[in-house]
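# Inside the fold
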Amino acid sequence: MWYKISLLCFYLGCLWTPLRAEGKLLWEDCVWIGMERNSNLGLEQIRSEIFPILTRDKWKQYLPKLGVHYFGIFSKNQEQIDQEYRDVRLQIQQLLYDGGETEREKQKIEIRKLIHSEEKKILREKVFKSISLSYLLLNKRQLVDMVYQLRSERYRWEERKRKKESDLGLSPKGDFDWQKVWEVEFQSKKIHSESAMKLAVLELQHAMSLDPGVGITLEGGLTERIRLFDPFQAKTTPNENHPIRKKARLQMELAELDQESLENDWKPKFVLGGYVGKNGNAGFPLQNEIYGLSFGVQANLGGTSFQTNTQNGIQSEGNGIQRIPGYGPQPVGPGENSFQSGSIGLFDDMGRNKKVFDSKMSLLQAKAEWKQSEILILNQIQSTEIKLTELYSKYNLYLESTKSNIFQHRFKREERTQGIISEIEYLKSEEEVFVGFEILLDHYFQYIATALELVLLLGENPFDNRYYKLDSKQISSDFTMLLEHWKQDSSIEKRKINEPKSKKQYPFFMEDPYETR
């Protein structure tokens, strides 16, 4: 599961080593940097440290409670005998049985820990997705801008050529003015492309938790590292342990434990205690040994509390004081001393019925949320699959269309060279190639972004899955080869055509090529 990979990524990032966005960054680099710098992930990691503390505290319920107790009374009044009494004892108390409540509390803490772990996974997935989509968007904008730069070079070159033709009278003035309007529209699109790329840089910086002033440079050639696969051939298997689904199941289990605690609060708690020490009436060192045992019972019967306590002690010599809960200190003599106490609080827990109702409602709500999450995940998977197959079909459609446009444009180039078509018709053909490339880029990156969302839902590796694979080395694909061929064709044409071809001057420009004067 890729969650383990992301967990390792976050753990290494939490080392808080100084980091700067230097050099050219790959997709993996952006994810590592962004996760390391994300403050919310850091806070969640710190918050998870509370669960071991809570678990240790609950374990202490099984351990005996030890304490040293000191008690002293001094009376020096007129016309009365002076009295001095000191008592020092070591006390111990052990919980024998609590109806399984401590064990349930431990289980609740463990479930809350697992729920928090799933919430961290959901947050990591959200951060990973945000960084990755921003990274893909910036790559797309850079390629689109590269296409516009290539178009801009072609337009500047054509403008110089047409101006020279116009100056020589080889092309009509109205044709030249109409082309200027066309170029204004192109310049407007180019300005928008440049702004969109700057905004994409800011979006990626924000996703990576970088200041806007921190410069980042992406390593080129992403399209040469990604291999796309046909989604029609992939069989989808929903991930049973997706964080959203697992969190819903854990919340339902926690609600069941809360209800179980209320249903078992009638079970009594048995506590065994004891003490050993010394007391005396003549100051330190104390002279008389004392020791004893106690036994207590606590229970809750439908909101009515019941409590009883029995204590048996032995005073070896002299006089002592026995402290009876609710009655204060009582003098005792040598030998065995004991007391018993009990109390019943009738309906002293008036809010218990509401607690029972809230517990049932919490369980019903948890079950409803679990069922809803199951439906949500499955619907998201199916809807994303539909979008993915649509995008893949459109990508292949525009890929073939762009190939055809380039093939047709090569014929148009020959026709223009021979004077069969006008310059405007040729530029229109070239414009179709550029527009086709822009649409193709859009569907190419939409497919990768949609596939990324799907593999996150399926719990697969976001860099190597059934829909695409990110290779460490460059590979050839129809898309990259198409783009490279078009760049080469454009550069070859620029080198071959240096001067405009001489034609008959106006008004004979409308003559057919085979006509001569």
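Residues numbered from 1 in each chain as written. Predicted model: local features only at pLDDT ≥ 70, side-chain atom pairs only at ≥ 80, totals over all residues. Heavy atoms only, no water.

Further remarks concern the overall build of the protein chain. From N to C terminus, the protein chain includes 10 helices and 12 strands. Residue burial in the protein chain is summarised as follows: out of 517 residues, 40% are buried. Summarising the internal contacts of the protein chain: among those between residues at least 6 apart in sequence, 76% fall at separations of at least 24. As displayed, the protein chain offers around 29700 Å² of accessible surface, 56% of which is attributable to carbon and sulfur atoms. (Helix = DSSP H or I, 4+ residues; strand = E, 2+ residues; numbered from the N terminus. Buried < 20%, exposed > 50% of the residue type's maximum accessible area, 1.4 Å probe, protein only. Contact = heavy atoms within 4.5 Å. Areas by Shrake-Rupley, 256 points an atom, 1.4 Å probe, with all protein chains shown as cover.)

Here we take up the packing of aromatic side chains. Inspection of every chain in the model, using the stated rule, returns 12 aromatic pairs. Ring centres of Tyr395 and Tyr444 lie 5.7 Å apart, and the angle between their planes is 50°; on these two criteria the pair is classed as tilted. Here Tyr444 lies in helix H9 (residues 423-458) and Tyr395 lies in helix H8 (residues 352-417), a separation of 49 residues in the sequence. Taking the relative accessible area as the measure of exposure, Tyr395 reaches 7% and is therefore buried. Site record: aromatic cluster; members linked through ring pairs are Trp27, Phe128, Tyr135, Phe463 and Tyr468. (Phe/Tyr/Trp six-rings, centres within 6.5 Å; stacked < 30°, edge-to-face > 60°.)

Looking now at the packing of helix H7 (residues 243-263) against H8. Where H7 meets H8, the closest approach of the two axes is 9 Å, and the angle between their N-to-C directions is 165°. Considering their axes alone, H7 and H8 lie roughly antiparallel with respect to each other. Considering only the axes of H7 and H8, their crossing is left-handed. (Axes fitted to C-alpha atoms, helices over the stretch in contact; angles between N-to-C directions. Parallel < 35°, antiparallel > 145°, perpendicular 65-115°, else oblique. Left-handed = near helix turned anticlockwise from the far one by under 90°.)

Attention shifts here to a negative patch on the surface. A cluster of acidic side chains, namely Glu253, Glu256, Glu260 and Glu263, defines a negative patch on the protein surface. Counting through the fold element by element, Glu253 comes out in helix H7. (Patch = residues over 30% accessible without salt bridge, like charges linked within 9 Å, V, L, I, M, F, W, Y side chains within 5 Å. Salt bridge = Lys/Arg side-chain N within 4 Å of Asp/Glu carboxyl O. Lys, Arg positive; Asp, Glu negative; His and termini not counted. Charge placed at Lys NZ, Arg CZ, Asp CG, Glu CD.)

All right, on to the sheet that holds strand S2 (residues 65-75) then. What the six strands build is an open sheet, ordered S2-S3-S6-S7-S8-S11; its pairing is antiparallel. Looking at the sheet topology across the chains shown, the edges are occupied by S2 and strand S11 (335-345). Across the sheet, the axes of successive neighbouring strands diverge by a mean angle of 15°, strand direction being ignored. Sheet topology places strand S6 (residues 269-280) next to strand S7 (residues 288-301); 11 bridges connect them, and they run antiparallel. Following the sheet pairing, Gly277 is matched in S7 by Ile290. (Pairing = 2+ DSSP bridges.)

Another aspect to go through is the nonpolar core. Of all hydrophobic cores here, the largest spans 62 residues; its most connected members are Trp27, Leu204, Ile226, Tyr467 and Tyr468. Broken down by secondary-structure element, the contributors of at least two residues to this core are helix H2 (27-37), helix H5 (101-167), helix H6 (173-207), strand S5 (226-228), H8, H9, strand S12 (468-470) and helix H10 (478-496). By size, the runner-up hydrophobic cluster in this structure holds five residues, among which are Ile111, Ile115, Leu250 and Leu257. (Core = buried A, V, L, I, M, F, W, Y, C linked by side-chain atoms within 4.5 Å.)

Now for the layout of surface pockets. When its volume is computed, the second largest pocket comes out at roughly 600 Å³. Lining the second largest pocket are 36 residues, and of these Gln91, Gln93, Ser294, Asn309 and Gln311 sit closest to its centre. Looking at the lining of the second largest pocket, the elements that each hand over two or more residues are S2, strand S3 (83-97), S6, S7, strand S8 (304-315), strand S9 (320-324) and S11. Of the residues in the lining of the second largest pocket, the class split is 12 nonpolar, 20 polar and four charged. (1 Å grid on protein atoms, 1.4 Å probe; cavity = no way out; pocket = protein on both sides within 12 Å on 5 of 7 lines; lining within 4 Å. Points joined across faces, edges and corners; volume = space filled by probe spheres on them. Nonpolar A, V, L, I, M, F, W, Y, C, P; charged D, E, K, R; others polar.)

Our next topic: unusual backbone geometry. Even without being glycine, Ser209 reaches a positive phi, approximately 60°. Since its relative accessible area comes to 26%, Ser209 is described here as partly exposed.

So, about the confidence of the model for the protein chain. Per-chain confidence: the protein chain averages 81 in pLDDT, with 83% of residues scoring 70 or above. Below pLDDT 50 for its whole length, residues 1-5 participates in 17 contacts with residues either more than four positions away or in separate chains. Predicted confidence is poor over residues 494-517, with pLDDT under 50, and the contacts of this stretch with residues over four places away or in other chains come to 29 contacts. (pLDDT = per-residue confidence, 0-100.)

Among the residues making up helix H3 (residues 39-47), those that are buried are Leu41, Gly42 and Glu44. Buried residues in H3, looked at end-on, bunch into an arc of 165°, giving them a common side. By the N-cap criterion, in which a side-chain oxygen at the helix start approaches the backbone nitrogen of a residue two or three places on, H3 is capped by Asn38, the distance to Asn40 being 3.1 Å. (Arc of directions from axis to C-beta. Polar contact = N/O pair within 3.5 Å; in protein donor to acceptor, adjacent residues only side chain to side chain.)

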